[in-house]
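Remarks on the overall topology
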Amino acid sequence: MTIALWGIVIMLVLIFLRVPIGLSMLAVGLTGSWLVYGSVGPLLAQLKTFTFSNFSSASLSVVPLFLLMGQFAALGGMSTALFKAAEAFIGHRKGGVAMAAVGACAGFGSICGSSLATAATMGQVALPELRRAGYAGSLATGALAAGGTLGILIPPSIVLVIYAVLAEQNIAKMFTAAIVPGILAALGYMVVIAIQVRVNPKLAGTVERATKRERIDALLAIWPVVLIFLLVIGGIYAGIFTPTEGAAVGAGGTGLLAWLKGGLGRKNLLSALEATAGGTGMVFLIVLGAAAFNSFLALSQLPQELAAWVGDQGLSPYAVLWAILVFYLIFGCVMDSLSMILLTIPIFFPMVSGLDFGLPPEEMAIWFGVLVLIVVEVGLITPPVGMNLFVIQAMAPDIKITDTYRGVWPFVMSDLIRVTILVAFPVISLFILRF
């Protein structure tokens, strides 16, 4: 237990010293296992099959496929089409262009699976339009940073896939449970924008109302996005595809559409493959490091001892749940979402599984996964180290980071309200699964 606690402290110190998170977890995990074993022999025996056993899971193959699908979608102009369609219908309203940006982020998230990719892609498309329309820098960057988080909440989601693998849950059911919370998130952000521009009209500019013909053309331009989403998510939910097959079909279909639109030449294809390989390598290094660290924790018996200690305290299940969610909110300010999921789920999931929330075990696991995903998502836009904030800030260097921080806080409050509602009413996440 002492070795495990010191291991956690040393790993956090390494992370704060800017050592890559995957390497930090790998180094501490291997060293800790060596100390617990007392000799290097068992560790070397474990390492013979360690990497293969972790990466031979077919479930992880959806990670590069969904990343590639997002790359192809951007090259095919789907992000621009989504934004133009949303702007054509609501852009003329107060705060309408910012709402259109959030709506486009939700649409792009449905074919991407990555928050940072959604924020970066939609930032390139929407930020110039927001500035041209006269929107304040704080509202523009805040809305885009918050909208980017929809990339990991609205299925398909890479973080949800990783959670499902760790918690041994059905990926298709996890995707289904996240749909309604994802829609609520997008609507909540739009409500925040509407309130802000009414309280302070100077935050938003105006654009001309689109003609009926322009709206029809904009709507017709987004048919590829609708087709891909229905094909992938609908096919997975209906049982036509496994998640891996659905991801492959989505990547292939999105690539074909991008090629037909002229956005997928040889140079762009190589760039997309290179970006996908780099993103996959980063994710898999973190997965490997987390596997080594979690193996060390399992040897130390820390998760089991912690779960037993919590059970002996006589706390209500909801008190324990809120303590875990607050932990995620705090550490989300300094850690990325994938690392947090990989690091904490092996500790927290056994603890929560032993509590009685009045739900069957499978439904409890899915509901908890959605809650964790949402609070991790909040960490992406929480100062001082919210990753989405820096992605958007890099595209608007003339806007002060303090303005971006100020602009994102109303969206953080919207997220906290949504978390409270989903904790109080689990059925919001589960009712589609019960049909």
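Notes on the structure follow. Predicted, not measured: the structure shown is a model, and the values here were computed from it.

1. Considerations on the environment of Ile-381
For Ile-381, the position within the fold is in the loop between α19 (361–379) and α20 (387–395). Between the C-alpha atom of Ile-381 and that of Leu-166, which follows or precedes it by 215 residues, the distance is 25 Å.

2. Describing a positive patch on the surface
Together, Arg-93, Lys-94, Arg-198 and Arg-209 give the surface a local cluster of positive charge. By secondary structure assignment, the location of Arg-198 is in helix α11 (residues 171–199).

3. Section: the side chain of Thr-404
In this structure, Thr-404 sits in helix α21 (residues 401–424). A distance of 3.2 Å separates the side chain of Thr-404 from the side chain of Thr-141, its partner in a polar contact.

4. A few points about the packing of helix α17 (residues 317–331) against α19
One way to put it is that α17 packs onto α19 with a least axis distance of 8 Å and a crossing angle of 30 degrees. Every pair of crossing elements has a handedness; the one defined by α17 and α19 is right-handed. Of the residues in α19, those in contact with Tyr-318, Leu-321, Ile-324, Leu-325, Tyr-328 and Leu-329 of α17 are Trp-367, Phe-368, Leu-371, Val-372, Val-375, Val-376 and Val-378. Each residue belonging to the contact of α17 with α19 can be placed in one class, and the counts come to 13 nonpolar, no polar and no charged.

5. Considerations on unusual backbone geometry
Geometrically, the link from Pro-155 to Pro-156 is a cis peptide bond, its omega value of 0 degrees lying close to zero. Considering the arrangement of structural elements, one finds Pro-156 in the loop between α9 (150–153) and α10 (158–167). If you check the backbone angles, Glu-168 has positive phi at about 55 degrees while not being a glycine. Relative to the elements of secondary structure, Glu-168 occurs in the loop between α10 and α11. Judged by relative accessible area, which is 72%, Glu-168 ranks as exposed.

Reading the values: rules and limits
Residues numbered from 1 in each chain as written. Predicted model: local features only at pLDDT ≥ 70, side-chain atom pairs only at ≥ 80, totals over all residues. Heavy atoms only, no water. Helix = DSSP H or I, 4+ residues; strand = E, 2+ residues; numbered from the N terminus. Patch = residues over 30% accessible without salt bridge, like charges linked within 9 Å, V, L, I, M, F, W, Y side chains within 5 Å. Areas by Shrake-Rupley, 256 points an atom, 1.4 Å probe, with all protein chains shown as cover. Salt bridge = Lys/Arg side-chain N within 4 Å of Asp/Glu carboxyl O. Lys, Arg positive; Asp, Glu negative; His and termini not counted. Charge placed at Lys NZ, Arg CZ, Asp CG, Glu CD. Polar contact = N/O pair within 3.5 Å; in protein donor to acceptor, adjacent residues only side chain to side chain. Axes fitted to C-alpha atoms, helices over the stretch in contact; angles between N-to-C directions. Left-handed = near helix turned anticlockwise from the far one by under 90°. Contact = heavy atoms within 4.5 Å. Nonpolar A, V, L, I, M, F, W, Y, C, P; charged D, E, K, R; others polar. Buried < 20%, exposed > 50% of the residue type's maximum accessible area, 1.4 Å probe, protein only.

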